[in-house]
Amino acid sequence: MRIVVIGATGHIGTFLVPRLVRAGHEVVTISRGTRTAYVDAPEWQQVEQVTADREQEDRDGTFGDRIVGLRADAVVDLVCFTLSSAQALVNALRGTDTHLVHCGSIWRAGVSHVLPITEENATPPFGDYGVQKDAIARMLKEETASGGLVTTSIHPGHISGPGWMPIGPLGNLDPGVLTVLSAGTPVAVPGLGAETMAHVHADDVAQAFQLAVEHREAAAGEDFFITAPTALTVRGYAHLAASWFGQEARLESVTWDRFRETTAPEHAGASWEHLSRSQVFSTEKPRRLLGYDPGYTAEETVLDAVRWLVDHEELDVAGPLVA
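Residues numbered from 1 in each chain as written. Predicted model: local features only at pLDDT ≥ 70, side-chain atom pairs only at ≥ 80, totals over all residues. Heavy atoms only, no water.

S.K.: Now, about the packing of aromatic side chains: what can you tell me, with residues and values included?
M.R.: Taken as a whole and judged by the stated rule, the model has five aromatic pairs. Ring geometry for W107 versus Y129: centroids 6.5 Å apart, planes at 80 degrees, classification edge-to-face. With a gap of 22 residues between them, W107 in the loop between strand 5 (99-103) and helix 5 (128-145) and Y129 in helix 5 connect regions that are remote in the sequence. Members of the aromatic cluster, joined through ring pairs, are W256, F259 and W272. Directly above the aromatic system of W107 lies the positively charged group of R277, at a separation of 3.8 Å from the ring centroid. Above the ring of F224, the side-chain terminus of K285 is found at 5.2 Å from the ring centroid. (Phe/Tyr/Trp six-rings, centres within 6.5 Å; stacked < 30°, edge-to-face > 60°. Helix = DSSP H or I, 4+ residues; strand = E, 2+ residues; numbered from the N terminus. Lys NZ or Arg CZ within 6 Å of the ring centre and 35° of its normal.)

Written as structure tokens, this is what we have:
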């Protein structure tokens, strides 16, 4: 197939583009051209690369026409964050035989009530990001159900992999938490420490997008949560991370108010956003309909990311990895 990938040099595209090329597809990538993929691969030499500013072209009303002109069998949209942007692309593609596969987020689901969370029992989202992603997914499902454009939405968890900091044991991107755990010194944990996070390896997310493109009939009109087959609690993640450096985690439970007093606002805010949701997702639907078979557990996912950071001296740790 001829496949257009919008936002191809980000976390997912880094793994998706080489996957599609290896599978024999003709790939056209669209990005702003401000960075390269996180992991280099020879397959990028076989890709047609287009530089475009999606935000500006959305404002100008020209982005949809650009995509239609590429005459793709499938369009993978990895960088759409508003309902208006999604609707504009759908309007442009309607009437073509293109399959639009949209990247959403698990945050289209709200706080957990029943675990695991499925596509059917998810609670309503909160916060602008999750609300927008949910609105887009609902619009796409209705578009296909009404006989319009063939669409699919994929909703990844906390994407991790080599080249960037994963969501850490406290539900934020503070690398200092891993530094402290590597030294075996105490870590203040807000709440119970039983709150959960839903990590997923970027290559497993890429696998899901590839499967959706290659199984168009099964994916048409559907939405899928994509995570690792396991999920980590705060305390479990902390003990795991400490063990990578031959240490025992020393955890001190504190109130959220106390945690906010001693933590940078951006990190405290991120912790609340992740841990207040306390999500664990079922992967039964993508397994059944698409054949999704994640290659990484949550434990392996975060270790892969941290190992890369340590190997590239981008994480300050007290001792060598022993994992």
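Next comes the rest of the account.
S.K.: So what's going on with unusual backbone geometry? Which residues, and what values?
M.R.: Cis geometry marks the peptide bond from L115 to P116; its omega dihedral reads -5 degrees. Within the secondary structure layout, P116 lies in the loop between strand 5 and helix 5. In this structure, R71 is a non-glycine residue whose phi angle is positive, near 50 degrees. The residue R71 is located in the loop between helix 3 (63-69) and strand 4 (74-77) in this model. In this structure, S278 takes a positive phi of about 45 degrees despite not being glycine.

S.K.: Can you lay out the sheet that holds strand 11 (residues 223-226) for me, pointing to particular residues and giving the numbers?
M.R.: The strand order across the open sheet formed by seven strands is 3-2-1-4-5-6-11, and the pairing between neighbours is parallel. Because the sheet does not close on itself, it has two edges, and the strands there are strand 3 (48-51) and strand 11. With direction set aside, neighbouring strand axes in the sheet form an average angle of 20 degrees. By the bridge criterion, four bridges tie strand 2 (residues 26-31) to strand 3 in an arrangement that is parallel. Along strand 3, the bridge assignment pairs V28 with E48. Across the sheet, helix 5 touches strand 5, strand 6 (150-156) and strand 11, and the angle it forms with strand 6 is around 150 degrees. Sitting on the sheet, helix 7 (residues 202-214) is in contact with strand 1 (2-6), strand 4, strand 5, strand 6 and strand 11, with an inclination near 160 degrees to strand 5. (Pairing = 2+ DSSP bridges. Axes fitted to C-alpha atoms, helices over the stretch in contact; angles between N-to-C directions. Contact = heavy atoms within 4.5 Å.)

S.K.: Residue-level account of the nonpolar core, with values.
M.R.: By size, the foremost hydrophobic cluster in this structure holds 35 residues, and its most contacted members are V5, L16, V17, V76, I154, F209 and I226. Looking at this core, the elements with two or more residues in it are strand 1, helix 1 (11-22), strand 4, strand 5, helix 7 and strand 11. Per-element accounting of this core gives the leading share, eight residues, to helix 7. The next biggest cluster of nonpolar side chains, apart from the first, holds 32 residues, and it includes L170, A242, V310 and L315. (Core = buried A, V, L, I, M, F, W, Y, C linked by side-chain atoms within 4.5 Å. Buried < 20%, exposed > 50% of the residue type's maximum accessible area, 1.4 Å probe, protein only.)

S.K.: Explain the pattern of salt bridges residue by residue, including any values.
M.R.: Where charged atoms from two side chains of opposite charge come close, those side chains can pair. Tallied over the entire structure, the rule returns 19 salt bridges. Of the charged contacts in the structure, one is a salt bridge between R94 and E143, with a shortest N-O distance of 2.9 Å. Pair noted here: R94 is in the loop between helix 4 (83-93) and strand 5 and E143 is in helix 5, with a separation of 49 residues, a long-range link. Judged by its relative accessible area of 8%, E143 falls in the buried class. The partner of E222 in a salt bridge is K285, and the shortest N-O contact between them spans 2.9 Å. With E222 in the loop between helix 8 (216-219) and strand 11 and K285 in helix 12 (residues 284-290), this pair connects stretches of sequence that are 63 residues apart. Among the residues examined, E222 registers a relative accessible area of 25% and is labelled partly exposed. (Salt bridge = Lys/Arg side-chain N within 4 Å of Asp/Glu carboxyl O.)

Keep in mind these values describe shape, not function.
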